Amino acid sequence: MSAKVADHILERLRAWDVDCVFGYPGDGINGLLAAWGRAADRPRFIQARHEEMAAFEAVGYAKFGRRLGVCAATSGPGAIHLLNGLYDAKLDHVPVLALVGQTHRSAMGGSYQQEVDLHTLFKDVASDYVETVTVPEQLPNVLDRAIRTAYARRCPTAVILPGDVQELDYHPPTHAFKMVPSSLDRSAWTALPSPTALERAADVLNSGTRAAVLIGQGAAGARAEVEELAELLGAGVAKALLGKDALSDELPYVTGAIGLLGTRPSYELMRDCDTLLTIGSSFPYAQFLPEYGKVRAVQIDIDPHMVGMRYPYEVNLVGDARATLRQLIPMVSKERAAAGRDWHAQVRANVERWHGVLDRRAGLSADPVNPEHVARALDPLLPTDAIVTSDSGSTANWYARHLTLRGDMRASLSGTLATMGCGVPYAIGAKFAHPNRPVVALVGDGAMQMNGMAELITAAKYRHRWDDPRLVVGVWNNRDLNQVTWELRAMGGAPPFQASQSLPDVPYADFARSIGLTGVRVEKPEDVAAGWRAGLAAEGPAVVEFVTDPAVPPIPPHATWEQLESTAAALLKGDAERGAVVKQGLKAKVQEFLPGGGKRG
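Residues numbered from 1 in each chain as written. Predicted model: local features only at pLDDT ≥ 70, side-chain atom pairs only at ≥ 80, totals over all residues. Heavy atoms only, no water.

## Remarks on the overall build of the protein chain
Across its full length, the protein chain holds 24 helices and 18 strands. Over its C-alpha trace the protein chain gives a radius of gyration of 25 Å, about what one expects of a compact globule, namely 25 Å for 601 residues. A burial count over the protein chain gives 57% of its 601 residues as buried. Counting every atom, the protein chain has about 23,000 Å² of accessible surface; 51% of that belongs to carbon and sulfur. (Helix = DSSP H or I, 4+ residues; strand = E, 2+ residues; numbered from the N terminus. Rg over C-alpha atoms; globule rule 2.2 N^0.38 Å. Buried < 20%, exposed > 50% of the residue type's maximum accessible area, 1.4 Å probe, protein only. Areas by Shrake-Rupley, 256 points an atom, 1.4 Å probe, with all protein chains shown as cover.)

## Focus: the confidence of the model for the protein chain
Counting all residues, the mean pLDDT for the protein chain is 92, and 92% of those residues have values of 70 or more. For the stretch residues 574-578, pLDDT sits under 50, and the model shows 4 contacts to residues farther than four places along the chain or on other chains. Every residue in residues 589-601 scores below 50 in pLDDT, and together they form 47 contacts with partners more than four places removed in sequence or on other chains. (pLDDT = per-residue confidence, 0-100. Contact = heavy atoms within 4.5 Å.)

## Considerations on the pattern of salt bridges
Summed over all chains, the structure comprises 25 salt bridges. In this structure, arginine 38 engages aspartate 7 in a salt bridge whose closest nitrogen and oxygen atoms are separated by 3.0 Å. On the criterion of sequence distance, the pair formed by arginine 38 in helix α2 (residues 30-38) and aspartate 7 in helix α1 (residues 5-15) is long-range, its members being 31 residues apart. A salt bridge links aspartate 19 to arginine 67, with the nearest nitrogen and oxygen atoms 3.5 Å apart. Within this pair, whereas aspartate 19 is found in the loop between α1 and β1 (20-23), its partner arginine 67 is found in the loop between α3 (51-65) and β3 (69-73), the two being separated by 48 residues in sequence. Assessed through its relative accessible area of 29%, aspartate 19 is described here as partly exposed. (Salt bridge = Lys/Arg side-chain N within 4 Å of Asp/Glu carboxyl O.)

## What to know about the pairing of strand β15 (residues 439-444)
The buried count for β15 comes to 6 of 6 residues, which makes it a mostly enclosed element. Neither face of β15 is left uncovered, since the one carrying Val439, Ala441 and Val443 and the one carrying Val440, Leu442 and Gly444 both have all their residues buried. Two strands pair when backbone bridges link them, and strand β13 (residues 387-390) and β15 are joined in this way by 4 bridges, in the parallel orientation. Paired with isoleucine 387 across the strands is valine 439, a residue of β15. (Pairing = 2+ DSSP bridges.)

## As for the packing of aromatic side chains
Under the definition given, this model contains 12 aromatic pairs. Both rings, one in tyrosine 292 and one in tyrosine 311, keep their centres 5.6 Å apart while their planes meet at 65 degrees; by these two values the pair is edge-to-face. With a gap of 19 residues between them, tyrosine 292 in the loop between β10 (275-279) and β11 (296-301) and tyrosine 311 in the loop between β11 and β12 (315-318) connect regions that are remote in the sequence. The class of tyrosine 292 is exposed, set by a relative accessible area of 56%. It is arginine 186 that lies over the ring of tyrosine 151; its NZ or CZ is 3.6 Å from the centre. If you follow lysine 244 out to its NZ or CZ, it ends over the ring of tyrosine 399, 5.5 Å from the centre. (Phe/Tyr/Trp six-rings, centres within 6.5 Å; stacked < 30°, edge-to-face > 60°. Lys NZ or Arg CZ within 6 Å of the ring centre and 35° of its normal.)

## Focus on the sheet that holds strand β16 (residues 471-477)
Taken in spatial order, the 6 strands make up an open sheet running β14-β13-β15-β16-β18-β17, and their pairing is parallel. Bordering the open sheet on either side are β14 (410-413) and β17 (518-522), each of which pairs with just one other strand. If you compare each strand with its neighbour and ignore which way they point, the axes differ by 15 degrees on average. Pairing analysis gives 5 bridges linking β17 to strand β18 (residues 542-547), with the strands arranged parallel. Looking at β18, one finds that valine 520 is bridged to valine 544. (Axes fitted to C-alpha atoms, helices over the stretch in contact; angles between N-to-C directions.)

## Here we look at the sheet that holds strand β4 (residues 96-102)
Pairing is parallel across the open sheet formed by 6 strands, whose spatial order is β2-β1-β3-β4-β6-β5. Looking at which strands have only one partner, the edges of the open sheet turn out to be β2 (44-47) and β5 (130-132). Averaged over all pairs of adjacent strands, the angle between strand axes in this sheet comes to 25 degrees, irrespective of strand direction. Sheet contacts for α3: β1, β3 and β4; angle to β3, the most-contacted strand, approximately 170 degrees.

## Some points on helix α9 (residues 195-206)
Given a rise of 1.5 Å per residue, 12 residues ought to cover 16 Å, and the 16 Å separating the end C-alpha atoms of α9 matches this to within 8%. Of the residues making up α9, those classed as buried are Ala197, Leu198, Ala201, Ala202, Val204 and Leu205. One face of α9 carries all of its buried residues, which in axial projection span an arc of 160 degrees. The exposed set on the far side of α9, more than 90 degrees from its buried face, consists of Pro195, Thr196 and Asp203. (Expected span 1.5 Å × (residues − 1). Arc of directions from axis to C-beta.)

## Brief notes about the nonpolar core
Ranked by size, the top nonpolar core spans 58 residues in total, and within it Val96, Phe122, Phe432, Met448 and Val473 carry the most contacts. Broken down by element, the residue count for this core peaks at 9 residues, all from α3. Setting aside residues up to four positions removed in sequence, valine 96 forms contacts with Ala58, Val59, Ala62, Leu68, Gly69, Cys71, Leu86, Ala89, Ala150, Cys155, Pro156 and Thr157. Ile258, Tyr267, Tyr311 and Val315 belong to the second-largest nonpolar core, a separate cluster that totals 53 residues. (Core = buried A, V, L, I, M, F, W, Y, C linked by side-chain atoms within 4.5 Å.)

## Some points on the pairing of β13
Burial along β13 is two-sided: Ile387 and Thr389 facing one way and Val388 and Ser390 facing the other are all buried. Pairing of β13 with β14, which is carried by 4 bridges, proceeds in the parallel orientation. Looking at the pairing, serine 390 lines up with leucine 413 of β14. Once you follow β13 into helix α16 (residues 394-402) and on to β14, the crossover reads as right-handed. (Right-handed = clockwise from strand over helix to strand, strands pointing away.)

## Observations concerning the side chain of asparagine 477
Its location among the elements puts asparagine 477 in strand β16. Within the structure, the side chain of asparagine 477 is placed 2.9 Å from the side chain of glutamate 545, a separation counted as a polar contact. (Polar contact = N/O pair within 3.5 Å; in protein donor to acceptor, adjacent residues only side chain to side chain.)

## Details of unusual backbone geometry
Put simply, arginine 42 and proline 43 share a cis peptide bond, and its omega is -5 degrees. Here proline 43 lies in the loop between α2 and β2. Cis rather than trans, the peptide bond between aspartate 367 and proline 368 has omega equal to -5 degrees. Tracing the backbone shows proline 368 in the loop between α14 (341-363) and α15 (371-378). Phi angles above zero are rare outside glycine, and alanine 40 is one such case at about 55 degrees. Residue classification places alanine 40 among the exposed positions, given a relative accessible area of 59%. The phi angle at arginine 479 is positive, at roughly 60 degrees, despite the residue not being glycine. Residue placement: arginine 479 occurs in the loop between β16 and α19 (482-492).

## Describing the side chain of aspartate 88
Turning to its location among the elements, aspartate 88 is positioned in helix α5 (residues 83-92). In contact with aspartate 88, not counting residues within four places along its chain, are Phe56, Val59, Ser414, Leu417, Thr419 and Tyr426.

What follows is the structure, encoded as structure tokens:
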């Protein structure tokens, strides 16, 4: 039997070292599914519960595996369902390839069942490369180029495969007119700025005495260099959320996350610095960066398309973070650290004070469990090789502020799209990228009801394939779409609109047990640590459900007492008795959280 186009697709994926594809079956990819059967499931087909989850799992696999993620879906609705996960890859700059079925060529243009104009559908999300294979000879170049582009531009790409093309006999391109040959090799390369640009950047960094460094995921491969440079500059280091695992939180000058979900020391670092170096980050919220004209600033980014657009940088260095820093470090003045000694001491003191604030905030009473206590209790229990995923919502606040990343820990969330529903599928993708490491997903009840519960079935299905069976899903059950509720209060000065915000009280732990997983429900603060320990000790995936108080606010780092008082007033409109309690609690928090009882901005 001659090899079919579908056979060659799988063969080519294996040649690119693709070891698994996340997908959902449908007749639009029947040719591929038959080829998988002939190939003895190589690469492995990982069946999600929904195509969106397959795309998220491919993103999680790519993020934590630092390699290409691949997802597959049938024509029509299957292709449409991939979009949200692929947009997550696009906005977070993650290499993902989508293999998408299409109706037969003979039916295209005839309003046939499940016929969708896939080029139009994917032209934005896969704008760097989307192509339809119409003849076998076209295949190698299209597939290779899609993979090479995904890697080079850190983006999603799409290959559209009509059903009849998948089942054609495969013929490689010939040495002939209008044939396009292809090759597999993807040699490593390194981008470096010019020597003149590096000298200009060094002059800027040497000019100040109060340096701030902001890192994102682009600094992940330059941990040692970032640490060395920060110590040379006497700088504090703040982290965009996607860069949370790029540097250890145990370093005393690491101020933690920046932005609305960030820390007070990061806010103070940006407010008071005189020099800024941004490495591998496109953090978008300019109001959390230094005031314009107040500091001199340098940016390092490997993508020329992403430099110079978040802040008026004096020097934009286009290059690989590690290689660029290795060139830049010898140019930093040896006297620079001494000049910034007082600043460095102040940054460290701010960080130490902040940790005390977090301890006190997590220790405040709530009804029934303080959500900050849930994250704070997990922090010391995390294994040093853990992988942590966070969903979007108020849970991301506690993830950003309370988890101390150390050792070889990895962590991520949907940074730019900030989509709900990624926490559990990210965790499953991480388990396939690192089957020998424990994974912990932090998820709110809104995201869990949206699609996390269904994807627990995928975890149950594949748990025996993982060398380390631990996959712990922590669920903050507060019966409220909490982040949106607080945004409504803070931004709109309005009480929550219950018809849109209130959630059913679902027994998540019971559901886990019903499908053969470990399920633990925690309703008292004194049981929180024991709940996490039970999940981490389980011999397989576990759900630990915490019944938490929706009235504990995710206070932004720049908040004033006046702003929080107006938020409490919004609460009073909806529930006078509960609002008064919350207002009192807010004041207690603010007096610890902000200098001078909250009078300082």
